[in-house]
Amino acid sequence: MRNIALKLTYNGTAYHGWQVQKNASSVCETLQKAIGKVCGGPVRLTGCGRTDAGVHAERYVANFRTDSRIPLDRLPFAINTHTPEDIAVREAVEVDPAFNAIGSCVKKEYTYRIYNSRFKNPFYVNRVYFYPKRLDEAFLNEAAHMFVGTHDFRAVRSVGTETKSTVRTVYWCDVTRNGDLLELKVCANGFLYNMVRAITGTVLYAAEGKLLPADIPGILERGDRTAAGPTVPPGGLYLTRLWYEDGRLNE
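The present account deals with the structure reproduced in this document. Everything numeric here is computed off the predicted structure, so don't read it as measured data. (Residues numbered from 1 in each chain as written. Predicted model: local features only at pLDDT ≥ 70, side-chain atom pairs only at ≥ 80, totals over all residues. Heavy atoms only, no water.)

Concerning the pairing of strand β3 (residues 56-66)
To keep it simple, the criterion reads: Any residue under 20% of the maximum accessible area for its type is buried, any over 50% is exposed, and the rest in between are partly exposed; the area is computed with a 1.4 Å probe on protein chains only. Per the convention used, a helix needs a DSSP run of H or I reaching at least four residues, while a strand needs a run of E reaching at least two, with both numbered from the N terminus. By definition, two strands form a pair when at least two bridges between them are found by DSSP.
Within β3, eight of the eleven residues are buried, leaving the element largely enclosed by the surrounding structure. Judged from the eight bridges that link them, strand β1 (residues 2-10) and β3 form a sheet pairing that is antiparallel. From the neighbouring strand, Tyr-10 faces β3, where its bridge partner is Ala-57. Pairing geometry for β3 and strand β10 (residues 237-244), over two bridges, is parallel.

Laid out in structure tokens, this is it:
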């Protein structure tokens, strides 16, 4: 039996996240059905993370086991004939039998995109967060840097999926601007439920004068969710990079 890792990308607007849901459409279920048609029977996908409803992935890895002998170079094309236009498999890689898309992932990067313009852009609906008040990216970057390091991040998570520990290590948290588009990139060894969206909301709170960048370490230390910023909408969030010991999956 082969262990196959798929490198894929998807627009999450139409889905209730990655994880299979009882009464809602998910990316995982949609993809499992497509693979099942190609491989001749049900498969069980393990994804690299639980993206929320409406969240997108420019990079995503999921693995499954199958007895099918379809050549790896043909597999993406075969699967893509059975997926909707908002999900695309880019490559299939045979991996070690012990490989697990989430357990083998060393770190991830998420990017939150903000359209910072006086006028809304119809082409960015459900793809970026429209914020009409002018933002100073240097100040946003100062606030974002306060999240770097190993901390207890319970102050910037929503109640939801339970986890043994809320301590994570953030390797970078940076804000850049390209014209009217702002990007907040966060790389960490793991993420809590809604963590990036709450970090973004907290950085925006600082920009609005509701807190100072210097207040953020204290908020994290106290674990005070009410003192941090709101959870911003999901449409601006993208999973953008993944790191594995198997370098073939990092591209």
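A word on the environment of Glu-221
Looking at where Glu-221 falls in the secondary structure, it is placed in helix α5 (residues 216-222). Judged by relative accessible area, which is 69%, Glu-221 ranks as exposed.

As for the pattern of salt bridges
Side chains that carry opposite charge are capable of pairing whenever their charged atoms lie near each other. Applied cut-off: Note on definitions: salt bridges are taken to be side-chain nitrogens of Lys or Arg within 4 Å of carboxyl oxygens of Asp or Glu.
Considering all chains together, one arrives at eleven salt bridges under this definition. Measuring nitrogen to oxygen at the nearest pair gives 2.7 Å for the salt bridge that ties Arg-113 to Glu-183. Of the two residues, Arg-113 sits in strand β5 (residues 105-115) while Glu-183 sits in strand β9 (residues 181-188), which places them 70 residues apart along the sequence. The burial state of Arg-113 is the same as that of Glu-183; both residues are buried. Among the ionic pairs, Asp-246 bridges to Arg-248, the shortest N-O distance being 2.7 Å.

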